[in-house]
Amino acid sequence: MSAIAHDVHAGGHSPAPRRQPTGFGMLLYRMKKGLGSSTPYLMMLGVAFWIFAYWLLCEGLSLPRFEKIPGPVTLLSDWLSATPQQGTSIYTPDYYQHIWVSCRRIVIAFLLATALGVPLGLLMGWSRKVKDFTFPLFETLRPIPIMAWVPLAILMFAGYETPVIFLATLASFFATTLNTMLGVQSIDESYFRAAGCLGSRKRDVFWNVVVPGAMPYIFTGLQISIGVAWFSLVAAEMVSGDYGLGYLILSSYVNSVTVPMVIGMLTLGFVGWFSSAIVRFVGNRLMQWHVKALAMQGR
Amino acid sequence: MRPDVFSPGAVAAKGAISIRNVTKIYDPDGAQVMAVDNCSMDIAPGEVCMIVGPSGCGKTTLLNAIAGFHSITEGEIILDGVQLCGPRQPLATQSADRIVVFQNGALFPWKTLAENVAYGPMVQRRWPKAECMERARTALKEAGLGAVVDKYPGEVSSGMARRAEIVRALINDPKVLLLDEPYRAMDALTKQIMHEALLEMYDRTKVTIYFITHDLEEAIFLGDKVYVMTTRPCRVKKVIDVNLPRPRDYTTLTTEAFRLLVKEADEAVHEEALKAFKAGEREMA
Ligand SMILES: Nc1ncnc2c1ncn2[C@@H]1O[C@H](COP(=O)(O)OP(=O)(O)O)[C@@H](O)[C@H]1O
Ligand SMILES: [Mg+2]
């Protein structure tokens, strides 16, 4: 530190502009900047406030209708205990089995929905004919709540696994397709014109304008779609299943063990958050141009 | 149109645009709007042709017809003796011999400046991919953009982006460069730098330029000819020959000849603007 200061004075001119740090240096820089702002403190304060309110309702005051719900103290002591009173904690293999089964289903459903929805959405947005051909059916099926599909899914698919994956895929597929289509339609006409002037064939326009131009919408769509995938997965697991977080929540309730029920809910929250963070991360990686343009606008 | 109708010199050179009796009627919701009426103009190869006229008079409509973005209703447009559009083919085919630089800029935001510039040659398969990139970088460097070749358009200033867009057009060796009020949103200082950069690129390529603008000083400073258009429907009202010597630079702006030309253009445009205004009043009444 002092060496640097000394250099500056000895040179008698202003210091060279700092280069952008990379890797660990960047991490440190961001942390320093982050700790200097109010964000982390507000976040901690917010979390602390809600946990306190939760404690007050269930354990501090134990208001009527709340006394049956496990408070934060009961919850945490069971969750972290090697010998949980209500059977589920971070030490029981069953807990991980539930998480694993749900995650596996989500990954399959999400990948399937993306693999089908993105190409279909791109074609629907790009080609008037494809849109005319598919849109009425699409718009009729899309508003049907995923729970209304449950009986049909059970009739159509055998076993526990396929109907559940089908339901999650379906919900996710609609969100992905619609956003992708809107993404293509949002692309400014002048990019198509510019591509035309520069001698593009249809194929070039598709890969160089349609796909990258729709990318920001596609990733917004994927974030929504992974959310609705979790939503419908849990709903489906509650109806039919032998494992999974939705199953854990409902079966705990049926067996009157409320702690695993709440553990299941919170675990869902964390895993869901984590999964959208992954989608966001991949999106930002693929769209450096978008991230940088937003950064220039100060966002 | 048979080539032998042309004067021999015009056929041999590149980038001669002939607009013959072009009429364009828009038909939105059944109400017919005549944007261009029986308009003819002949642009010589390598000419810098500046188009001025009241807003909404049909300047962009003509540009779009040349570029092949939309069809014409009557007449024909000929480029170097080849009919681009006419009675049998109302919509011109888009091609890299006529490249447009858009008012709001249309560099692909998802490609770096170098990738943008290399795009045209790549899809036309002019050179191998690596060579396209190499030439794109060189071209950007020559235009004074060497420091930002690997930046995305969103990361550079609008002036830089617009210059890069012109580089992206010129690397394809087009016959005609079509510009639709490209510097409209820029401040006076940036504009001046853009003008000098454009003149410098023009002196190197001598491509025919069709340039729409509202700015009369810009028109006189850059142009060989200034076409003053009438209010809608669009026709040529007056052609001003700008016989100021090239190369021009900012000192040209203060000469007497320059001032007189601007005055001449101003009078013609003012008359049309007044007519447009009165027509607007009639329409409102
Ligand atoms: N796509 C369109 N449909 C209907 N009318 C149009 C369309 N484009 C332009 N016009 C009309 O044609 C006239 C000329 O437009 P334009 O060529 O854009 O004018 P300029 O570029 O000279 O300002 C305007 O009155 C405009 O309202
Ligand atoms: Mg216009």
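Going by the annotation in an unreviewed UniProt entry, the name recorded for chain B is ABC transporter ATP-binding protein, with Chelatococcus sambhunathii given as the source organism. In its Sequence similarities (unreviewed entry) section, UniProt records this for chain B: "Belongs to the ABC transporter superfamily."

*Asks:* It is not clear to me how the sheet that holds strand S7 (residues 176-180) of chain B should be interpreted in this structure. Could you clarify?
*Replies:* Whether parallel or antiparallel, the strands of a sheet pair through hydrogen bonds between backbone atoms. Residues and elements named next belong to chain B. Strand order in the open sheet made by the 6 strands is S6-S7-S8-S3-S9-S10, with mixed pairing throughout. Pairing within the sheet leaves two strands with one partner each, and these edge strands are strand S6 (98-101) and strand S10 (236-241). Along the sheet, successive strands turn relative to each other by an average axial angle of 20 degrees, direction set aside. Examined bridge by bridge, strand S9 (residues 225-229) and S10 share 5 bridges and lie antiparallel to one another. By the bridge assignment, Val226 is partnered in S10 with Ile240.

*Asks:* I'm lost on the UniProt feature "domain: ABC transporter" (unreviewed entry) in chain B in this one. Help?
*Replies:* Residues annotated in UniProt with the feature "domain: ABC transporter" (unreviewed entry) correspond here to residues 17-256 of chain B. Overall, residues 17-256 of chain B shows 30% helix and 25% strand. The separation of its end C-alpha atoms is 32 Å.

*Asks:* Looking at this structure, I do not really get the site of ligand 1. What am I missing?
*Replies:* Residue and element names in this part refer to chain B. As a structural note, the neighbourhood of ligand 1 is formed by Tyr26, Pro28, Ala35, Ser55, Gly56, Cys57, Gly58, Lys59, Thr60, Thr61 and Arg232. A distance of 2.5 Å separates an oxygen atom of ligand 1 from a polar side-chain atom of Thr61. Looking at the shell around ligand 1, the element that brings in the most residues is helix H2 (residues 59-67), giving 3 residues. Its residues placed into classes, the shell around ligand 1 shows 4 nonpolar, 5 polar and 2 charged.

Rules behind the numbers
- Residues numbered from 1 in each chain as written.
- Chains lettered and ligands numbered in written order.
- Predicted model: local features only at pLDDT ≥ 70, side-chain atom pairs only at ≥ 80, totals over all residues.
- Heavy atoms only, no water.
- UniProt positions renumbered as here; feature names shortened; annotations may be inferred.
- Pairing = 2+ DSSP bridges.
- Helix = DSSP H or I, 4+ residues; strand = E, 2+ residues; numbered from the N terminus.
- Axes fitted to C-alpha atoms, helices over the stretch in contact; angles between N-to-C directions.
- Near = heavy atom within 4 Å.
- Polar contact = N/O pair within 3.5 Å; in protein donor to acceptor, adjacent residues only side chain to side chain.
- Nonpolar A, V, L, I, M, F, W, Y, C, P; charged D, E, K, R; others polar.

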